[in-house]
Amino acid sequence: MKKISEDEFRDYLEFKKFMGEEPGSLRKKKPEGALSMEDLDMVRAARGDQDFARFMSEMKARKEREDR
């Protein structure tokens, strides 16, 4: 995962406060089966990594086809 700046982290905490959520260990109880904002961010990042890997393999395959 990419590192975030201090400003981005402060913005994130401000957003959480605005949404009435408490980040990380401060939250009291999460509804059963619900994903937190952190969980959703990690899912999005993982999907983005997979999409990028697929894109790079497709570009490599195209280059190999063009080289033939």
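That block above? That's the structure.
Residues numbered from 1 in each chain as written. Predicted model: local features only at pLDDT ≥ 70, side-chain atom pairs only at ≥ 80, totals over all residues. Heavy atoms only, no water.

The number of helices and strands found in the protein is two helices and zero strands. The 68 residues of the protein split such that 4% are buried. Within the structure as shown, the protein displays about 6,600 Å² of accessible surface, and the carbon and sulfur contribution to it stands at 57%. (Helix = DSSP H or I, 4+ residues; strand = E, 2+ residues; numbered from the N terminus. Buried < 20%, exposed > 50% of the residue type's maximum accessible area, 1.4 Å probe, protein only. Areas by Shrake-Rupley, 256 points an atom, 1.4 Å probe, with all protein chains shown as cover.)

On to the pattern of salt bridges, then. Considering all chains together, one arrives at five salt bridges under this definition. Of the charged contacts, one joins glutamate 58 and arginine 62 as a salt bridge, the two residues approaching to 3.1 Å between their closest N and O atoms. With glutamate 58 and arginine 62 both in helix H2 (residues 37-67) and four residues apart, this pair spans about one turn of that helix. For glutamate 58, a relative accessible area of 34% puts it in the partly exposed group. Here arginine 65 and glutamate 58 are joined by a salt bridge, their closest N and O atoms 3.5 Å apart. Via salt bridges that share partners, Glu6, Asp7 and Arg10 belong to a single interconnected network. (Salt bridge = Lys/Arg side-chain N within 4 Å of Asp/Glu carboxyl O.)

Bringing the environment of serine 36 into the picture now. Mapped onto the elements, serine 36 comes out in the loop between helix H1 (6-18) and H2. Expressed as a C-alpha distance, the spacing of serine 36 and glutamate 21, which sit 15 residues apart in the sequence, is 9.3 Å.

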